[in-house]
Every structure is written in structure tokens, then in C-alpha cells.
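What follows is the residue order along each chain.
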Amino acid sequence: MDTNIGSLDSCKPTSNDVCCPANGTVSTIQGSVSPTIINSSEATLGRHLARRLVQVGISDVFSVPGDFNLTLLDHLIAEPGLNLIGCCNELNAGYAADGYARSRGVGACVVTFTVGGLSVLNAIAGAYSENLPLICIVGGPNSNDYGTNRILHHTIGLPDFSQELRCFQTVTCYQAVVNNLEDAHEMIDTAISTALKESKPVYISISCNLPAIPHPTFDREPVPFSLSPKLSNKIGLEAAVEAAAEFLNKAVKPVLVGGPKLRVAKACEAFVELADASGYAVAVMPSGKGLVPEHHPHFIGTYWGAVSTAFCAEIVESADAYLFAGPIYNDYSSVGYSLLLKKEKAIIVQPDRVVIGNGPAFGCVLMKDFLRELAKRLKQNNTAYENYHRIFVPEGQPLKAAPKEPLRVNVLFQHIQKMLSSDSAVIAETGDSWFNCQKLKLPPGCGYEFQMQYGSIGWSVGATLGYAQAVPEKRVIACIGDGSFQVTAQDVSTMLRCGQKTVNFLINNGGYTIEVEIHDGPYNVIKNWNYTALVDAIHNGEGKCWTAKVFCEEELIEAIETATGAKKDCLCFIEVIVHKDDTSKELLEWGSRVSAANSRPPNPQ
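Presented here is a report on the structure given in the accompanying data block. (Residues numbered from 1 in each chain as written. Predicted model: local features only at pLDDT ≥ 70, side-chain atom pairs only at ≥ 80, totals over all residues. Heavy atoms only, no water.)

For side chains bearing opposite charge, pairing can occur when the charged atoms are close. Considering all chains together, one arrives at 18 salt bridges under this definition. In this structure, the salt-bridge partner of arginine 51 is glutamate 79, at a minimum N-O distance of 3.0 Å. Placement of the pair is arginine 51 in helix H1 (residues 45–55) and glutamate 79 in the loop between helix H2 (70–78) and strand S4 (83–86), with a sequence separation of 28 residues. For the pair shown, arginine 51 and glutamate 79 are each scored as buried. Salt bridges linked by common partners bring Asp98, Arg102, Glu130, Arg263 and Glu449 together as one network. (Salt bridge = Lys/Arg side-chain N within 4 Å of Asp/Glu carboxyl O. Helix = DSSP H or I, 4+ residues; strand = E, 2+ residues; numbered from the N terminus. Buried < 20%, exposed > 50% of the residue type's maximum accessible area, 1.4 Å probe, protein only.)

Right, here's the structure in full:
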């Protein structure tokens, strides 16, 4: 994770964007350009919003135009520090802002009222589930229409304009409906600061007739504002550390497991410090992959119950104590609630709370502070890692393919593994790519993202667009199934417009394979497309694009050599043809267990 606000552990400002205090929360939002005297005609709501976005570290905003937001878009375009990226639809604009926020720490999208807002809503819900600060801006009705009985277009035909707001209230942590200039300054600033403090999406609706009107509250460069840093309760912190140290120091073979909330707690570095100091075996939950360095000397893999990487589950579940930092236990991460864990053996560390065994619990204790202080109090104990090293057997290689033999998925990912470096990042789509990508060994500095909690198919196309835009120095490798691609394919065109150089592997197996393994039916079969021809048509000779369709290992090797060689500066789209039943063994196991959880009969009443 590179860059500004909300990066995992520290901010690395590139243009005076952000200053972070010691505990990793945002302190002061700084101006990225020297304050200048501006004309009162420039002191507008639109300019203020644009400057605020730049000040918090956003340089790209993903948008879809609509008549209610056009004047606002003019002001965003006029801001030198902002690049407005037009997307093909609102859903992808939201997914792109999601991917951007994963790298930059905050993202933004702009859509129009109701028809745009309700379309982007699914992406905002996904960002909420993944604790991403995302600023969703909507161009709203003319301020004069509020409180009247007028019926407007782009609505459901009622004079009540609150439908969109009510929908967003459940998937954002703050909502601002700006339909007058008197309190616009305060509402916008509060919304943006709340997104950063809560690490959740916010909703800002701005009446279409307001962005260009000067107002005294916007009469100069926006003044930097401060966010109060979160602090641990010192007494609670000391008590939690003392209790946890006693709990772990008497254990024979304790282990550490990193979870997805390490990101929102900005505690990745603190987790590594604890791992270094303790000598414990270190695992990661599937949704936390990419947050824990896999080159750590005591890293043992992904803990995912029955579908864990080899020998990891045996070590975790046989431990007599385990510390989970930032876990999320849902039916997917628990493989249909089948984890063999015991509460009395566990220390659960959430971003601001610690629970030890069946109790006690300590509130107002920040994860980052707790892990760092605990690292000073633990005795070195590498028993669990030694046990892992003792039983570990290296994974076998896929069977060698015969000449021109149809390509197998395990062979594909063997070659994707060889592509990874510190200059790359992996985006894994919902589906079998979850399981195949989990087995990739990430080199230092290699990014990794997927959306496990929400699991929205098609997420990766927009997320790849946003992530790649945020870190142009990395080459993003996206792994997406054909069913998912059909949901959001259009914004490959936006990647081309932006000159991105991603490598997109389209895994064509003729349907929704992950659904097949949970519960099969004719609805899981989709109409096959000529995907490379589709991308060629989208390319249409504009921008740099190269496509290939591969059927066997020889063709795959040649395609990867071209994508990383002669076409390294192009967007590369490689369609991989595989058998419809070619899935990872982990998906087969996971699917059967999730199916069993889904089909539990009702409890007797």
C-alpha cells in the first residue's frame, strides 16, 4: 500500500498532502499548493470541494455525467490537482473509487441524482463492508425544488426527494444534503473528515444550482483543519497488555493470525513488530492477504479452516493459544462456520478493543498501541513455527502438460506466480480466483486486493481501474472469471483512455463456477463471448492494447513473454480457455461446506 491518507501504517506524502501523528490517524489536512489570494468570483462551493479533495490526497475522481452534476464537474475539471475520469457506468465508478481508496487511503466518485446514486449504491455498500473511506458525491435537484410538490425527472415520480438519501443512510457513516450555501462549507468539511475518521464511505448531495455561486464562507483558500487523533486509554492499555502477556507467556505453542481489520487499524507494522519479538508462527486470514508480509521468516500461510494453505490449519487449530488481530468471522471466512477454534484459547484484537479468552474485555485500546506494547512483554517462543517446519512438505508441481494439451488452471497460476515482483499488484475477482490467488506467494512490496466480505461479482474490473490509476508505477495483474467480466466489462475502455498497462487474465470456463460448487443449476451457465474480439472492438485503434487467446501452456508462455516484453507498456488482455470443471480443490471443499451452511433446515419452533 503506497501513499497518502489511510495507508496501512504511515503516510508518505508526495505533495504535502497529509500529516499523520504517531498513532497513524490523520492529524492535519494540508494544502498541497501555496495559499493564494483569489477573486471572490472564484470563492465557490465547487472550488472549495475540489480543493478539499486534493488536500486529502485525491488526484483522480471517477464520474458519470448527468444533468444535475454537470456544473459541479466543471469545477472539478478546473482544479489543477484533480483528474476527472469518466466511467462507463456508475457501478464501475464506485468500484474504481473503491480500488483507488485501497491504495491511496481515500477515494471519490461523482454521479447524478437517484438514477446515478442508486446505481452506484452497490459499490458504496461494498466499500462500507471493507472499511474504505470513500466520498460519494451526487449532483442533486435545484435548491428551489426542495419542499415543493414538484415532480422531477430521474426520480420515482413522487415529490419526496429523500428516497436516495434513505438508501445511502444504511451504507454510509455520514450524509450531507447541501441545498443552501449558508452551511455548505461546514457540511462538506464534516463529511470528508468523518470519512477519514471512521474509515467508511460518506454521501454528499449538492444542489445543481449551487456549485458556481460565490459565497463569503468560501472567500479564500480552504483553511487546513485538524482531526483529533484517537488515543488509547492508558490504564486500559496497560491492563490489556498485562493480561495478554500472562495468557500468552504460559502457552506452549502460541500463534499469531492477521485479519482484514489490520488495514483500518493501521496496525500492519505493529503486527510485524509483535511477530519479530515473539517468534510465534504467523498466519493470515484469507481477507487479510496482502496486509502481512509473506516473506516474514515465520510466515506459515493462509488460515482458512479446511481450505487453508498446506499445514497452516493444523498448526493454528492445534495451538494452545492464538492471537487474532483484526479478524472478521463470517460464513465465507469460516468455511460455513467450520473453523476448529476455541474461544477460551483466543485473544481477539479489534481496532479499539481487546478480548482475552472468555473474558476480560478491554475497550478504548487501539490495536496499534496494544500490539507494540505487547511485543515488549512476550517471551520468545518459536515452538509452533518449529512444529510447522517439522511437518511441512513443499507443494508438488502440477503434472507436466503434454504438447498442446488443454490448459489447466493450476498451470496458469504457476506462471502468474513467476510474474510477481515488488513492482506488481494482484486483483482477485470473486470466484475461483479467490482460492488460486490465495496460493500465490507475494514478494515484498507486491500489492494484493480482493473483496471477500461483500463478494460482489464484477468488482475487479472497476477496482483494477481505480487501483492502477492510484499507483501507475505498479503493473496490476487482474484475475477475473468470464461470468464476472460480463457484469462490468465496459470499463476496460476507461483503462485504455487512461493509458493503463494492466495485465488482465480472463479465465473462460463457461459460467459461474463458484456458484456451481455451492449449488448447480442451469442458471450458472452463461452465453459465451469472444472476449478478445470484444476487447479489440472496445480498443478500436485508440490507445495501447494487446490481446491474446490461449488454449495450452505453450501459448500461455508466449503470451506472458509478450505481455512482459514487447507489450509491457500496453494494456494486455489474455483470454485463457479452460474446462468448465477445472477448479481448485479448495473451491470444491469450500463450496460443499458453504452449501451445507446455506441449506440448514429451520430450527424447530
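Back to the text.
Before going further, it helps to examine the pairing of S4. One ladder, built from four bridges, connects strand S3 (residues 60–63) with S4; its direction is parallel. Looking at the pairing, valine 61 lines up with leucine 84 of S4. Following the chain from S3 across H2 to the adjacent parallel S4, one finds a crossover that is right-handed. (Pairing = 2+ DSSP bridges. Right-handed = clockwise from strand over helix to strand, strands pointing away.)

Looking at the largest pocket, its volume works out to about 1,000 Å³. Lining the largest pocket are 34 residues, and of these Glu395, Gly396, Gln417, Lys439 and Leu440 lie nearest its centre. If you list the elements that add at least two residues to the lining of the largest pocket, you get strand S11 (299–302), helix H13 (409–419), helix H14 (432–438) and helix H21 (585–598). Broken down by element, the residue count for the lining of the largest pocket peaks at five residues, all from H13. (1 Å grid on protein atoms, 1.4 Å probe; cavity = no way out; pocket = protein on both sides within 12 Å on 5 of 7 lines; lining within 4 Å. Points joined across faces, edges and corners; volume = space filled by probe spheres on them.)

A few words on the sheet that holds strand S7 (residues 175–178). Two modes of strand pairing occur in sheets, parallel and antiparallel, and in both the strands are linked by backbone hydrogen bonds. Taking strand neighbours across the sheet as the criterion, the six strands line up as S4-S3-S5-S6-S8-S7 in an open arrangement whose pairing is parallel. The open sheet has two free edges, formed respectively by S4 and S7, since each of these has just one partner strand. The average undirected angle you get between the axes of adjacent strands in this sheet is 20 degrees. As judged from the four bridges shared by S7 and strand S8 (residues 202–207), these two strands associate in the parallel manner. Bridging across to S8, valine 177 finds its partner in serine 205. Taken strand by strand, helix H4 (residues 117–129) contacts strand S5 (107–112) and strand S6 (134–140), and its axis lies near 160 degrees from that of S5. (Axes fitted to C-alpha atoms, helices over the stretch in contact; angles between N-to-C directions. Contact = heavy atoms within 4.5 Å.)

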